[in-house]
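Descriptive structure summary
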Amino acid sequence: MSQKLKITLVKSMIGRPEKHRKVLRGMGLTKMNKTVELEDTPSIRGMVTKVVHLVKVEENANEA
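Once a new chain begins, its residue numbering starts again from 1 and follows that chain's sequence as written. This being a predicted model, a pLDDT of at least 70 is required before a residue's local features are given, and a value of 80 or more before pairs of side-chain atoms are given or counted; all residues contribute to the totals for chains, interfaces and linings. Calculated side-chain values reflect all of the structure's heavy atoms, with hydrogen atoms and water omitted.

Attention shifts here to unusual backbone geometry. The residue asparagine 33 is not glycine, and still its phi comes out positive at about 65°. Numbering goes from the N terminus for both helices and strands, where a helix is a DSSP run of H or I of at least four residues and a strand is a run of E of at least two. Looking at the element boundaries, asparagine 33 is found in the loop between helix H1 (18-26) and strand E2 (35-39).

Structure follows, in C-alpha cells:
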C-alpha cells in the first residue's frame, strides 16, 4: 500500500521568492485551490516543508 499526499495551494504565490515559486511549480501547483496527489517520498516532504505556509497537506492511504 503506497502512501499519497494530497496537496492544495491555499495562498497565492504572488510576491513570494522565486525559490518558492519553483518548488510549487515542481509539485504541479500553478493556480489557487488546485490539488495534486503525490507519492509520500522524502523529496516531496522536503518540498512541502519549504512552502508549508502556502499549502494544505492531507495524508491518505491509497488502497490500490
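Further remarks concern the pairing of E2. Residues of E2 alternate between two faces, with Val36 and Leu38 buried on one and Thr35, Glu37 and Glu39 left unburied on the opposite face. We call two strands paired when DSSP finds no fewer than two bridges between them. Looking at chain direction, strand E1 (residues 3-9) and E2 are connected through five bridges and run antiparallel. Its bridge partner being in E2, lysine 6 is matched across the sheet by glutamate 37. With a 1.4 Å probe rolled over the protein chains alone, any residue whose accessible area is under 20% of its type maximum counts as buried; one over 50% counts as exposed, and the rest are partly exposed.

Quick look at the nonpolar core now. In these notes, a set of buried Ala, Val, Leu, Ile, Met, Phe, Trp, Tyr and Cys residues joined through side-chain atoms within 4.5 Å is what counts as a nonpolar core. The biggest cluster of nonpolar side chains holds 15 residues, and the ones touching the most others in it are Ile7, Leu9, Leu24, Met27, Leu29, Val51 and Val55. Elements that contribute at least two residues to this core include exactly E1, H1, E2 and helix H2 (42-50). When residues in this core are grouped by element, the largest group, three residues, is from E1. Setting aside its immediate chain neighbours within four residues, leucine 9 contacts Leu24, Leu29, Lys31, Met32, Asn33, Lys34, Leu54 and Val55. We call two residues contacting when some pair of their heavy atoms lies within 4.5 Å.

Owing to its 3.6 residues per turn, the α-helix brings residues three or four apart onto one side. Among all positions of H1, only His20, Val23 and Leu24 are buried. Buried residues of H1, seen end-on, are gathered within an arc of 95° and therefore sit on one face of the element. Of the exposed residues in H1, those oriented more than 90 degrees away from the buried face are Lys19, Lys22 and Gly26. One or two positions beyond H1, positive phi appears at glycine 28, with a value near 90°. Here the arc refers to the directions that run from the helix axis out to each C-beta atom.

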